[in-house]
Amino acid sequence: MTKNMYWLTAASLLLFSSSALASSIRTTVGADAWFGDTKIDEQRRDHATAPNLFVAIEHDQPYLPHVSLRYASIDADYASFDKYDFSFYYRLLEREHMLFDAGATLTKYSDTSYRTSISAQPSYSFNELTFNWYAYAELAIPNTDLDIIGQFDFGESKDIKRADVLAGLKYQASDALAIRAGYRVVDLEFDDLATATPEVSESFIFINGFFVGAEFRF
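Okay, so let's go over this structure. Everything numeric in this text was worked out from a predicted model, so none of it was measured.

## Digging into the pattern of salt bridges
Inspection of every chain in the model, using the stated rule, returns 14 salt bridges. The residue aspartate 164 makes a salt bridge to arginine 70 at a minimum N-O spacing of 3.1 Å. Note that aspartate 164 is positioned in strand β8 (residues 160-172) and arginine 70 in strand β3 (residues 66-75), a separation of 94 residues in sequence. For aspartate 101, the salt bridge identified is with arginine 91, shortest N-O distance 2.7 Å. With aspartate 101 in strand β5 (residues 98-114) and arginine 91 in strand β4 (residues 79-95), this residue pair connects regions lying 10 residues apart in the sequence. By relative accessible area, which is 2% here, aspartate 101 ends up buried. Here the salt bridges do not stand alone but share partners, grouping Arg70, Lys83, Asp85, Asp153, Asp164 and Arg184 into one network.

## Notes on the sheet that holds strand β7 (residues 146-157)
Here we have 10 strands rolled up into a closed barrel, ordered β1-β2-β3-β4-β5-β6-β7-β8-β9-β10, and antiparallel in their pairing. Strand-to-strand, the axes of this sheet are offset by a mean angle of 20°, without reference to chain direction. With six bridges connecting them, strand β2 (residues 43-58) and β3 associate as antiparallel partners. Bridging from a neighbouring strand, phenylalanine 54 pairs with arginine 70 of β3.

## Side note on empty space enclosed by the protein
Here the structure, examined in full by the defined rule, presents one cavity of 30 Å³ or more. As a volume, the largest cavity reaches approximately 40 Å³. The wall of the largest cavity is formed by Lys83, Asp85, Thr107, Tyr109, Asn132, Asp153, Arg162, Ala163, Asp164, Val186 and Leu188. A total of three residues in the lining of the largest cavity trace back to one element, the largest contributor, which is β8. Residue composition of the lining of the largest cavity, by class: four nonpolar, two polar and five charged.

## Observations regarding the packing of aromatic side chains
The geometry of an aromatic ring pair comes down to the distance between the two centres and the angle between the two planes. On inspection of all chains with the given rule, the structure shows 12 aromatic pairs. Ring geometry for tyrosine 114 versus phenylalanine 190: centroids 5.6 Å apart, planes at 35°, classification tilted. Here tyrosine 114 is found in strand β5, whereas its partner phenylalanine 190 is found in strand β9 (residues 177-190), with 76 residues between them in sequence. Judged by relative accessible area, phenylalanine 190 falls into the buried class, the value being 7%. Connected via pairs of aromatic rings, a cluster forms that spans Phe81, Tyr109, Tyr114, Tyr124, Phe126 and Phe190. A cation over an aromatic ring shows up here: arginine 184 above the ring of tryptophan 34, its NZ or CZ 4.8 Å from the ring centre.

## Thoughts on the environment of alanine 104
The residue alanine 104 is located in strand β5 in this model. Classification of alanine 104 by relative accessible area gives buried; the value is 18%. The spacing of alanine 104 and tryptophan 133 is 29 residues in sequence and 4.5 Å in space, taken between C-alpha atoms. Ignoring anything within four residues of it in the chain, the contact list for alanine 104 reads Phe86, Ser87, Phe88, Phe131, Asn132 and Tyr134.

Basis of the calculations
- Residues numbered from 1 in each chain as written.
- Predicted model: local features only at pLDDT ≥ 70, side-chain atom pairs only at ≥ 80, totals over all residues.
- Heavy atoms only, no water.
- Salt bridge = Lys/Arg side-chain N within 4 Å of Asp/Glu carboxyl O.
- Helix = DSSP H or I, 4+ residues; strand = E, 2+ residues; numbered from the N terminus.
- Buried < 20%, exposed > 50% of the residue type's maximum accessible area, 1.4 Å probe, protein only.
- Pairing = 2+ DSSP bridges.
- Axes fitted to C-alpha atoms, helices over the stretch in contact; angles between N-to-C directions.
- 1 Å grid on protein atoms, 1.4 Å probe; cavity = no way out; pocket = protein on both sides within 12 Å on 5 of 7 lines; lining within 4 Å.
- Points joined across faces, edges and corners; volume = space filled by probe spheres on them.
- Nonpolar A, V, L, I, M, F, W, Y, C, P; charged D, E, K, R; others polar.
- Phe/Tyr/Trp six-rings, centres within 6.5 Å; stacked < 30°, edge-to-face > 60°.
- Lys NZ or Arg CZ within 6 Å of the ring centre and 35° of its normal.
- Contact = heavy atoms within 4.5 Å.

Written out as C-alpha coordinates, the structure reads:
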(Lines give C-alpha, C1' and ligand atoms only; values in the text may rest on other atoms or scores of the structure.)
Protein backbone atom coordinates (compact mmCIF):
# COMPACT_ATOMS: atom_id res chain seq x y z
CA MET A 1 0.00 0.00 0.00
CA THR A 2 1.46 3.36 -1.00
CA LYS A 3 1.85 6.38 1.25
CA ASN A 4 -1.10 8.17 -0.35
CA MET A 5 -3.30 5.10 0.01
CA TYR A 6 -2.54 4.87 3.76
CA TRP A 7 -3.47 8.52 4.17
CA LEU A 8 -6.67 8.23 2.12
CA THR A 9 -7.76 5.03 3.86
CA ALA A 10 -7.27 6.52 7.31
CA ALA A 11 -9.01 9.74 6.31
CA SER A 12 -11.95 7.74 4.94
CA LEU A 13 -12.29 5.85 8.24
CA LEU A 14 -12.25 9.10 10.17
CA LEU A 15 -14.87 10.64 7.87
CA PHE A 16 -17.07 7.56 8.21
CA SER A 17 -16.84 7.79 11.98
CA SER A 18 -17.72 11.47 11.86
CA SER A 19 -20.82 10.87 9.72
CA ALA A 20 -22.07 8.21 12.15
CA LEU A 21 -21.72 10.53 15.12
CA ALA A 22 -22.35 13.84 13.36
CA SER A 23 -24.50 15.28 16.12
CA SER A 24 -21.64 15.29 18.64
CA ILE A 25 -18.50 15.48 16.51
CA ARG A 26 -15.61 17.86 17.15
CA THR A 27 -12.85 17.79 14.52
CA THR A 28 -9.38 19.25 14.83
CA VAL A 29 -6.96 19.50 11.91
CA GLY A 30 -3.47 20.91 12.04
CA ALA A 31 0.02 21.11 10.59
CA ASP A 32 3.48 21.71 12.04
CA ALA A 33 6.94 22.32 10.63
CA TRP A 34 9.47 20.30 12.62
CA PHE A 35 13.09 21.49 12.44
CA GLY A 36 14.93 18.35 13.47
CA ASP A 37 18.57 17.38 13.85
CA THR A 38 19.53 13.74 13.36
CA LYS A 39 21.83 11.59 15.45
CA ILE A 40 22.59 8.20 13.90
CA ASP A 41 24.21 5.58 16.12
CA GLU A 42 26.66 7.72 18.12
CA GLN A 43 27.22 10.56 15.67
CA ARG A 44 25.39 13.79 14.92
CA ARG A 45 24.40 14.01 11.27
CA ASP A 46 22.39 16.35 9.07
CA HIS A 47 19.41 18.60 9.64
CA ALA A 48 15.95 17.54 8.44
CA THR A 49 12.91 19.81 8.22
CA ALA A 50 9.87 17.56 8.47
CA PRO A 51 6.16 18.20 7.85
CA ASN A 52 3.77 17.00 10.53
CA LEU A 53 0.03 16.72 9.74
CA PHE A 54 -2.69 15.60 12.13
CA VAL A 55 -6.44 15.24 12.42
CA ALA A 56 -8.48 14.25 15.48
CA ILE A 57 -12.15 13.39 15.79
CA GLU A 58 -13.77 13.56 19.22
CA HIS A 59 -17.39 13.06 20.33
CA ASP A 60 -19.67 12.81 23.33
CA GLN A 61 -20.33 9.06 23.19
CA PRO A 62 -19.14 7.61 26.53
CA TYR A 63 -17.93 4.17 25.39
CA LEU A 64 -16.43 4.87 21.98
CA PRO A 65 -12.81 6.03 21.80
CA HIS A 66 -11.73 9.24 20.18
CA VAL A 67 -9.62 8.80 17.04
CA SER A 68 -6.65 10.68 15.64
CA LEU A 69 -4.20 10.34 12.78
CA ARG A 70 -0.75 11.93 12.71
CA TYR A 71 1.76 11.84 9.84
CA ALA A 72 5.41 12.89 9.78
CA SER A 73 8.06 12.45 7.08
CA ILE A 74 11.82 12.47 7.65
CA ASP A 75 14.23 12.63 4.72
CA ALA A 76 17.89 12.80 5.82
CA ASP A 77 21.15 11.37 4.49
CA TYR A 78 21.47 8.58 7.07
CA ALA A 79 17.82 8.01 7.98
CA SER A 80 14.47 8.48 6.30
CA PHE A 81 10.96 7.26 7.01
CA ASP A 82 7.28 8.06 6.81
CA LYS A 83 5.52 7.66 10.15
CA TYR A 84 1.74 7.20 10.49
CA ASP A 85 0.23 7.20 13.99
CA PHE A 86 -3.35 5.89 14.32
CA SER A 87 -4.43 6.64 17.90
CA PHE A 88 -7.51 5.50 19.83
CA TYR A 89 -7.91 7.16 23.21
CA TYR A 90 -10.28 8.13 26.01
CA ARG A 91 -10.45 11.38 27.96
CA LEU A 92 -9.69 10.25 31.50
CA LEU A 93 -9.67 13.71 33.03
CA GLU A 94 -11.24 17.00 31.98
CA ARG A 95 -11.39 20.05 34.23
CA GLU A 96 -11.61 23.76 33.60
CA HIS A 97 -7.83 24.12 33.34
CA MET A 98 -6.68 20.58 32.59
CA LEU A 99 -7.33 17.56 30.40
CA PHE A 100 -5.62 14.19 30.11
CA ASP A 101 -6.07 11.53 27.40
CA ALA A 102 -4.72 7.98 27.33
CA GLY A 103 -4.99 5.11 24.89
CA ALA A 104 -3.08 3.18 22.27
CA THR A 105 -1.42 3.95 18.96
CA LEU A 106 -0.72 1.80 15.92
CA THR A 107 2.34 3.22 14.18
CA LYS A 108 3.18 2.31 10.60
CA TYR A 109 6.70 2.97 9.31
CA SER A 110 7.06 3.00 5.53
CA ASP A 111 9.64 4.06 2.92
CA THR A 112 12.29 3.56 5.60
CA SER A 113 16.05 3.71 5.28
CA TYR A 114 18.76 3.56 7.95
CA ARG A 115 22.48 3.72 7.18
CA THR A 116 25.30 3.25 9.64
CA SER A 117 28.16 5.71 10.01
CA ILE A 118 30.26 3.57 7.68
CA SER A 119 29.53 4.80 4.17
CA ALA A 120 30.46 1.48 2.56
CA GLN A 121 27.62 -0.30 4.36
CA PRO A 122 24.23 -0.72 2.67
CA SER A 123 21.08 0.92 3.99
CA TYR A 124 18.63 -1.11 6.09
CA SER A 125 14.86 -0.85 6.24
CA PHE A 126 12.41 -1.18 9.13
CA ASN A 127 9.00 -1.12 7.46
CA GLU A 128 6.90 -2.29 10.40
CA LEU A 129 3.50 -1.87 12.04
CA THR A 130 3.98 -1.41 15.80
CA PHE A 131 1.83 -1.02 18.91
CA ASN A 132 2.43 1.89 21.30
CA TRP A 133 0.90 3.42 24.40
CA TYR A 134 -0.45 6.95 24.00
CA ALA A 135 -0.87 9.91 26.36
CA TYR A 136 -1.72 13.57 25.81
CA ALA A 137 -2.23 16.42 28.28
CA GLU A 138 -3.08 20.11 28.34
CA LEU A 139 -2.65 22.43 31.31
CA ALA A 140 -4.01 25.97 31.06
CA ILE A 141 -1.92 28.85 32.39
CA PRO A 142 -4.32 30.94 34.53
CA ASN A 143 -5.39 34.36 33.24
CA THR A 144 -3.83 33.76 29.81
CA ASP A 145 -4.79 32.18 26.49
CA LEU A 146 -1.83 29.77 26.77
CA ASP A 147 -1.87 26.04 27.43
CA ILE A 148 1.09 23.79 28.21
CA ILE A 149 0.79 20.73 25.95
CA GLY A 150 2.51 17.35 25.97
CA GLN A 151 2.20 14.12 23.99
CA PHE A 152 3.97 10.80 24.53
CA ASP A 153 3.90 7.62 22.41
CA PHE A 154 6.12 4.72 23.47
CA GLY A 155 6.46 0.98 22.98
CA GLU A 156 8.78 -1.95 22.29
CA SER A 157 8.05 -4.65 19.70
CA LYS A 158 9.24 -5.88 16.30
CA ASP A 159 12.82 -5.46 17.65
CA ILE A 160 12.31 -1.69 17.87
CA LYS A 161 12.20 0.33 21.08
CA ARG A 162 10.32 3.54 20.34
CA ALA A 163 9.53 6.90 21.91
CA ASP A 164 7.92 9.96 20.31
CA VAL A 165 7.65 12.88 22.73
CA LEU A 166 6.62 16.50 22.30
CA ALA A 167 6.15 19.35 24.73
CA GLY A 168 5.26 22.96 24.11
CA LEU A 169 2.79 25.81 24.34
CA LYS A 170 -0.51 26.40 22.56
CA TYR A 171 -1.94 29.90 22.13
CA GLN A 172 -5.72 29.98 21.68
CA ALA A 173 -6.09 32.79 19.14
CA SER A 174 -9.86 32.24 18.88
CA ASP A 175 -12.45 29.57 19.65
CA ALA A 176 -11.46 27.80 16.44
CA LEU A 177 -7.80 28.66 15.82
CA ALA A 178 -4.74 27.87 17.94
CA ILE A 179 -1.03 28.44 17.34
CA ARG A 180 1.37 25.91 18.83
CA ALA A 181 5.13 25.60 19.22
CA GLY A 182 7.50 23.43 21.17
CA TYR A 183 10.08 20.68 21.05
CA ARG A 184 9.77 17.12 19.69
CA VAL A 185 11.98 14.04 19.99
CA VAL A 186 11.75 10.73 18.12
CA ASP A 187 14.00 7.96 19.47
CA LEU A 188 14.23 4.58 17.70
CA GLU A 189 16.51 1.85 19.02
CA PHE A 190 16.95 -1.36 17.01
CA ASP A 191 17.79 -4.68 18.64
CA ASP A 192 19.18 -6.48 15.60
CA LEU A 193 19.42 -3.93 12.79
CA ALA A 194 22.96 -3.62 11.41
CA THR A 195 24.44 -5.45 14.41
CA ALA A 196 26.34 -7.69 12.00
CA THR A 197 28.61 -4.70 11.38
CA PRO A 198 31.33 -4.99 14.06
CA GLU A 199 32.19 -1.28 13.97
CA VAL A 200 28.66 -0.35 15.11
CA SER A 201 28.12 -0.62 18.89
CA GLU A 202 24.53 0.64 18.81
CA SER A 203 21.83 0.96 16.18
CA PHE A 204 19.51 3.88 16.74
CA ILE A 205 17.94 6.93 15.14
CA PHE A 206 17.50 10.02 17.28
CA ILE A 207 15.78 13.14 15.90
CA ASN A 208 15.16 16.23 17.98
CA GLY A 209 14.25 19.85 17.33
CA PHE A 210 11.71 22.64 17.61
CA PHE A 211 8.35 22.70 15.86
CA VAL A 212 5.82 25.44 15.11
CA GLY A 213 2.36 25.15 13.61
CA ALA A 214 -1.35 25.74 13.92
CA GLU A 215 -4.57 23.80 14.46
CA PHE A 216 -8.15 24.54 13.53
CA ARG A 217 -11.18 23.11 15.35
CA PHE A 218 -14.71 22.92 13.97
